[in-house]
Amino acid sequence: MDFSPSPRAAELLSSVTSFVADEVEPAAADYHREVSEAARNGTWQESPVLDELRKKARAQGLWNLFLPTEHAGQYAEQFGTHGGAGLSNADYAPLAEQMGRHTGLAPYVFNCHAPDTGNMEVLLKYGTDAQRAEWLEPLLDGRIRSAFTMTEPGVASSDATNMEATAVVDGDEVVINGRKWWSSGVGHPDCRLLIFMGLTDPDADRHKRHTMVLVPLDSPGVEVERLLPTMHTYDEPVGHGEVSFDEVRVPKENILLGEGRAFEIAQGRLGPGRVHHCMRLIGQAELALELAIKRGLSRTAFGKPLVNLGGNRERIADARIAIDQARLLVLNAAWKLDEGGPLNALSEVSQIKVLVPNMAQQVIDMAIQLHGGGGLSQDFPLASMWTNARALRLADGPDEVHRGVVARLEIGKHQS
Ligand SMILES: Cc1cc2nc3c(=O)[nH]c(=O)nc-3n(C[C@H](O)[C@H](O)[C@H](O)COP(=O)(O)OP(=O)(O)OC[C@H]3O[C@@H](n4cnc5c(N)ncnc54)[C@H](O)[C@@H]3O)c2cc1C
């Protein structure tokens, strides 16, 4: 296992690191203030700050860097700079870590944000030429956004076979009914596309009942009923929505891969996306540790810098150990994905999905404590970083489900 980056990845890491520090960081406070103020006034809109940053990043070739190696070349030919840089998962991971330092802005600047990255990968891997031309091209170009609508309020959605919303073929069309929630991205003014997962054949084998369908957000019968706050914050202007589907009709050609094949797609979709989430969280944990140390050195209580009081030095050491351990585990998962695809990395991807959000939550919590009351305020990014880490213990499947995958594979090694 060799984690040293390729020369191209090393060069890009240096460019992304500088861009995040020199361009994104100084703009982040203004960006968040603008989008929050607009949302408070009832308008969910994008800030021109993002457009400016995107133009600059793109001009430097820092665009769609997440695109997997095997597809980047093909798309570079077709779409020029849309095509990414041809990085492996292991090469992209340190770039995602840098983007994670400003997770509410940097991934969007480089067109490397969830859920669009996962949705673009689905279109790349499973889309027809016509589906790619209609939806992938504008997503790669950053002209539109998308959402992934699987989770439902009415059923325990950590078991994806429970989904009850329907996608039924009727002649040349698919008819869609039901209700989804936690559809990340539907609040954004540029969101145009939903990847919908619905029940097609209740009598088929458990993993062949559901179908994924491309549904334009403006289809008659699609309604964003409300946007859900995550622990009091709306993640504006992206948002997580509850969406109803009432007799929505789309052409049969909008089916992805084929009827009853949603689980095949789900398996292929989530490996790289989870590596990206985890590396961004490692970036957040690094930032939290840095802030904790700076704060602890700059304030004094009981005659000593805070950093030297009580068990704070040990807490800092434990944070460093936890972050470095987690990073190695994520790089290992990325390497396994590169070597043999998602099926080769099932346990490793689930391992990091459990470990990293928990680790980040604890490190950020330690940093909040060292900041005292300020740590919970908006003056520091820590409270929103904690919320993000906490949410990622549920988004993309709760901890328990991923522990279940690791345990199943581990026990399976010893069963005849
Ligand atoms: C911020 C955020 C963004 C999200 N974005 C999206 C999105 O874009 N698209 C989308 O479709 N969904 C999204 N989700 C939804 C997310 O994937 C689900 O919330 C998650 O899969 C759990 O489903 P559920 O909420 O129905 O919980 P349930 O299935 O009701 O589970 C509740 C709890 O039961 C326990 N449990 C479940 N299974 C097991 C088990 N096997 N062993 C032990 N305990 C278990 C766990 O403690 C679990 O948390 C998002 C969620 C959040 C918080």
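So, a few notes on the structure that sits alongside this text. Please read all numbers here as calculations on a predicted model, not as lab measurements. Residue positions within a chain follow its written sequence, with the count starting from 1. In keeping with the model being predicted, local features are shown solely for residues with a pLDDT of at least 70 and side-chain atom pairs are shown and tallied solely at 80 or more, while totals for entire chains, interfaces and linings include all residues. Side-chain calculation: all heavy atoms of the structure are included, whereas hydrogens and water are not.

With 95 residues, the main nonpolar core has Tyr-92, Val-109, Phe-110 and Val-356 as its most contacted residues. Secondary structure follows DSSP: runs of H or I at least 4 residues long count as helices, runs of E at least 2 residues long count as strands, and numbering of each begins at the N terminus. In terms of residue count, helix α8 (residues 262-298) provides more of this core than any other element does, 14 residues in total. Here Tyr-92 is in contact with Leu-65, Phe-66, Leu-87, Met-99, Cys-112 and His-276, once residues within four sequence places are set aside. Core analysis: the second largest hydrophobic core is formed by 18 residues, Ala-167, Ile-176, Leu-217 and Val-248 among them. The set of buried Ala, Val, Leu, Ile, Met, Phe, Trp, Tyr and Cys residues whose side-chain atoms join them within 4.5 Å is what this entry labels a nonpolar core. Working definition: with a 1.4 Å probe on protein chains only, accessible area under 20% of the residue-type maximum means buried, over 50% means exposed, and in between means partly exposed. Note on contacts: a residue pair is in contact if any heavy atoms of the two residues lie within 4.5 Å.

In this section: the pattern of salt bridges. Whenever Lys or Arg places a side-chain nitrogen within 4 Å of a carboxyl oxygen from Asp or Glu, that contact is recorded as a salt bridge. For the structure shown, the criterion picks out 27 salt bridges. For Glu-23, the salt bridge goes to Lys-56, with nearest N and O atoms at 3.1 Å. Placement of the pair is Glu-23 in helix α1 (residues 7-40) and Lys-56 in helix α2 (residues 48-59), with a sequence separation of 33 residues. Exposure remark for Glu-23: the relative accessible area of 25% places this residue in the partly exposed category. Its salt-bridge partner being Arg-179, residue Glu-225 comes within 3.9 Å of it at the nearest N-O pair. Residue Glu-225 is located in strand β6 (residues 222-227), and its partner Arg-179 is located in strand β3 (residues 173-184); the two are separated by 46 residues in the primary sequence. The partly exposed category is assigned to Arg-179, whose relative accessible area is 35%. Several salt bridges share partner residues, and in doing so they unite Glu-97, Glu-286, Arg-320, Asp-324 and Arg-327 into one network.

Looking now at the packing of aromatic side chains. Whether two aromatic rings pair depends on their centres lying within 6.5 Å, for rings of Phe, Tyr and Trp, where Trp uses its six-membered ring; planes under 30 degrees apart make the pair stacked, over 60 edge-to-face, and the rest tilted. Summed over the entire model, instances satisfying the criterion amount to four aromatic pairs. The interplanar angle of 65° and the centroid separation of 5.5 Å between the aromatic rings of Phe-19 and Phe-110 together place this pair among those described as edge-to-face. Of this pair, Phe-19 sits in helix α1 while Phe-110 sits in the loop between α5 (106-109) and α6 (116-126), and the two are 91 residues apart along the sequence. In this structure, Phe-19 and Phe-110 share a single accessibility class: buried. Taking 6.3 Å as the distance between ring centres and 85° as the angle between the ring planes, the aromatic pair formed by Trp-44 and Tyr-234 counts as edge-to-face. Here Trp-44, found in the loop between α1 and α2, pairs with Tyr-234, found in the loop between β6 and β7 (240-251); they are 190 residues apart in sequence, far enough to count as distant.

Bringing the pairing of strand β5 (residues 210-216) into the picture now. Of all seven residues in β5, seven are buried; the element is thus mostly enclosed. Side-chain alternation along β5 places His-210, Met-212, Leu-214 and Pro-216 on one buried face and Thr-211, Val-213 and Val-215 on a second face that is also buried.

A word on the site of the ligand. Around the ligand sit 18 residues, and of these Phe-148, Thr-151, Ser-158, Trp-182 and Glu-400 come closest. In the model, an oxygen atom of the ligand is placed 2.9 Å from a nitrogen or oxygen of the Met-150 main chain. Thr-151 places a polar side-chain atom, nitrogen or oxygen, 2.6 Å from a nitrogen atom of the ligand. Looking at the shell around the ligand, the elements that each hand over two or more residues are β3 and α12 (399-412). Here the shell around the ligand is composed, by residue class, of 10 nonpolar, six polar and two charged. Whether a residue is near a molecule or strand is decided by its heavy atoms; if any one of them lies within 4 Å of it, the residue is near. Any pair of nitrogen or oxygen atoms within 3.5 Å is treated as a polar contact; in protein, a donor-acceptor pairing is required on top of that, and neighbouring residues in sequence qualify only through side-chain atoms on both sides. Each residue is assigned to one of three groups, with Ala, Val, Leu, Ile, Met, Phe, Trp, Tyr, Cys and Pro labelled nonpolar, Asp, Glu, Lys and Arg labelled charged, and all others, Gly among them, labelled polar.

A separate point is α1. We define the bend at any residue as the angle between the axes fitted to the seven residues before and including it, ending there, and the seven starting there. Residue Ala-28 marks the point of greatest curvature in α1, where the axis turns by about 45°. Residue Gly-42 follows α1 closely and has a positive phi angle near 90°.

Attention now moves to the environment of Leu-370. Following the sequence through the fold, Leu-370 ends up in helix α10 (residues 346-371). Taking relative accessible area as the criterion, Leu-370 reaches 8% and is therefore assigned buried. Through-space distance from the C-alpha of Leu-370 to that of Thr-151 is 37 Å; in sequence the pair is 219 residues apart. Setting aside residues up to four positions removed in sequence, Leu-370 forms contacts with Ala-292, Arg-295, Gly-296, Leu-306 and Asn-312.

By themselves, these observations are geometric and do not establish any function.
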